[in-house]
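Single-letter residue listing:
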Amino acid sequence: MRRRVVITGMGLVSPLGNDLEKVWLRLCNGESGIVALPDEIYHGYRSRIAGVCSDFDPEARLNPKEAKRMDRFSQMALAAALDAVDQSGIDFSKEAVERTASIVGCGVGGLREIEVQQDRLRDLGFNKVMPLTIPKIMLNAASSLISIYYGIHGPSYGVSTACASANNAMIDSLKMIRDDEVDLAITGGTEAAVCQLGLSGFGSMHALSERNDEPEKASRPFDKNRDGFVIGEGAGILVFEELDHAKKRGAQILGEVLGYGVSSDASHITQPDDQGIYASHAIKGIFRSSGLNPDQFDYINAHGTSTKLGDPAETNAIKQAFGDHARKLSISSTKSAIGHLLGGSGGVELIFSLLTIRDGIIPPTLNLEEPDPDCDLDFTPLAAKEKKIETAISNSFGFGGHNACIAVGRFKE
């Protein structure tokens, strides 16, 4: 019999805050964490808005000396991991640490540190670049620092598949537990690319919303008047655990990981396949992996970035995967409230999916005032709604054509 995988801990750092329950309340109340960026830094940029984790103080959450040795994306990941492990109740002094994994997704790594050290290189010379530059910017730093903190000796690595990074990391964790390689995994995603290089790089591609005068109105997934995504920062980390292992230690089970699907568009480095054909293959992979039929799924936390090409492509993918059942699904994009956390998105969004199941509340898609005719499913416009949810899917589709979808459900014996 295949080993079952459950979730026993969740932690996040987000533009709506860092306390899980407060963030969830704000999200369901339709609040936005998207703000204007300082004009003295971003004056003249095409996009001057972002989902910023303004409440996050790394030196208050972590050892101040150690925090200074990390880029912001790693600080956020470790802080979120601390909360997830605390909720799970795991005592690593009693665990077989070689049977625990630390697998964390990140799309671009230490972009902020690259900026800082490039300035030092230009202004002060090559011998003034800080010695910890490379360890701070490397994509695997977050997973490594988590493993070091807890003394984890099982698999530890970073995953980078652009905006699908967190989902791919969690899928790897799911497979390792199912295959009896490990019993526990600390997993999810993180990103901290709200900086001049991030805003200018994505801005030069015309990928970002330029609705600078109305930050809270800028992220408009599936709306006719959307003009691009809003960049955000944050981390979502979860504890995945083999069911019997969790039950033996008396853990509270928050949900079950049901299945996954992955695919590649193999068509363009930034643009999705507009028909959503291979994104639909990733969704269909969940049906095979979970053993559930399409009509047994209730909710989708959509990738829903608010881009002209991405939103209708995802709509097409959902229709192809679910057929007639697509119109019975509840769907929403929580990026409308926090922006697009890039490689960190999937971790935060899987947490939101679990809370949707727990509370029977569909979080809203903010700013969906005039639906795009090509996006004609139930995307939960403007306000949350109550609905009993047993199963949920979180979609993540990344630059490079990476498609990764993961499903969770209410735990049942």
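These numbers come from a predicted model, not from an experiment.

## A few points about helix 14 (residues 310-322)
The periodicity of an α-helix, 3.6 residues per turn, causes residues three or four positions apart to be oriented the same way.
So, point 1. End to end, helix 14 covers 18 Å across 13 residues, agreeing with the expected 18 Å (1.5 Å per residue, within 8%).
So, point 2. With respect to burial, helix 14 is a largely interior element, 10 of its 13 residues being buried.
So, point 3. Residues of helix 14 that are buried sit in contact with helix 13 (277-290), strand 9 (299-301), strand 10 (330-332) and strand 13 (391-398).
So, point 4. Remark: Gly323 follows helix 14 within two positions and exhibits a positive phi of approximately 60°.

## Concerning the side chain of Thr380
So, point 1. Relative to the helices and strands, Thr380 is located in the loop between strand 11 (361-362) and strand 12 (385-386).
So, point 2. Within polar-contact distance, the side chain of Thr380 engages the backbone oxygen of Ile331 at 2.7 Å.
So, point 3. Discounting residues that sit within four places of it in the chain, Thr380 has contacts with Ile331, Ser332, Ile362, Pro363, Pro364, Thr365 and Lys385.

## Here's the deal with the nonpolar core
So, point 1. With 43 residues, the main nonpolar core has Ile7, Met10, Leu238, Phe240, Leu350 and Phe352 as its most contacted residues.
So, point 2. Elements supplying a minimum of two residues to this core: strand 1 (5-13), helix 1 (20-28), strand 4 (100-105), helix 9 (165-178), strand 7 (234-242), helix 15 (335-338), helix 16 (345-359) and strand 14 (402-409).
So, point 3. Take this core: its biggest share by element is seven residues, from helix 16.
So, point 4. If sequence neighbours within four positions are ignored, Phe352 has contacts with Leu12, Val23, Trp24, Leu27, Asn301, Thr334 and Ile338.
So, point 5. Ranked by size, the runner-up nonpolar core spans 32 residues in total, among them Phe56, Ala141, Ile146 and Val239.

## Considerations on the pairing of strand 7
So, point 1. Burial within strand 7 is extensive, with nine of its nine residues counted as buried.
So, point 2. Burial along strand 7 is two-sided: Gly234, Gly236, Leu238, Phe240 and Glu242 and Ala235, Ile237, Val239 and Glu241, pointing in opposite directions, are all buried.
So, point 3. As defined by bridge partners, strand 1 adjoins strand 7 across eight bridges and the pair is classed as antiparallel. Residue pairing in the sheet places Ile7 in a bridge with Phe240 of strand 7.
So, point 4. Of the pairings in the sheet, the one linking strand 6 (residues 184-191) to strand 7 comprises eight bridges and is antiparallel in character. Each bridged residue has a counterpart across the sheet, and for Thr190 the counterpart in strand 7 is Ala235.

## Overview of the packing of aromatic side chains
So, point 1. For the structure on display, the rule yields nine aromatic pairs.
So, point 2. Centre to centre, the rings of Phe92 and Tyr150 are 5.1 Å apart; their planes meet at 45°, and the pair counts as tilted. Highlighted residues: Phe92 in the loop between helix 5 (72-88) and strand 4 and Tyr150 in helix 8 (residues 141-150), separated in sequence by 58 residues. In this pair, the class of Phe92 matches that of Tyr150, namely buried.

## Re the packing of helix 1 against helix 16
So, point 1. Running from N to C, helix 1 and helix 16 point in directions that differ by 80°, and their axes come no closer than 11 Å. Comparing their axes, helix 16 and helix 1 come out roughly perpendicular. The residues of helix 16 that touch helix 1, namely those facing Leu20, Glu21, Val23, Trp24 and Leu27, are Ile351, Phe352, Leu355, Thr356, Arg358 and Asp359.

## Details of the sheet that holds strand 4
So, point 1. Across the sheet, which stays open at both edges, the 10 strands sit in the order 5-4-6-7-1-8-14-13-9-10 with mixed pairing between neighbours. One side of each edge strand has no neighbouring strand; the edge strands of this open sheet are strand 5 (156-159) and strand 10. Neighbour-to-neighbour, the strand axes of this sheet turn through a mean angle of 25°, independent of strand direction.
So, point 2. Pairing analysis gives three bridges linking strand 9 to strand 13, with the strands arranged parallel.

Conventions used here
- Residues numbered from 1 in each chain as written.
- Predicted model: local features only at pLDDT ≥ 70, side-chain atom pairs only at ≥ 80, totals over all residues.
- Heavy atoms only, no water.
- Helix = DSSP H or I, 4+ residues; strand = E, 2+ residues; numbered from the N terminus.
- Expected span 1.5 Å × (residues − 1).
- Buried < 20%, exposed > 50% of the residue type's maximum accessible area, 1.4 Å probe, protein only.
- Contact = heavy atoms within 4.5 Å.
- Polar contact = N/O pair within 3.5 Å; in protein donor to acceptor, adjacent residues only side chain to side chain.
- Core = buried A, V, L, I, M, F, W, Y, C linked by side-chain atoms within 4.5 Å.
- Pairing = 2+ DSSP bridges.
- Phe/Tyr/Trp six-rings, centres within 6.5 Å; stacked < 30°, edge-to-face > 60°.
- Axes fitted to C-alpha atoms, helices over the stretch in contact; angles between N-to-C directions.
- Parallel < 35°, antiparallel > 145°, perpendicular 65-115°, else oblique.

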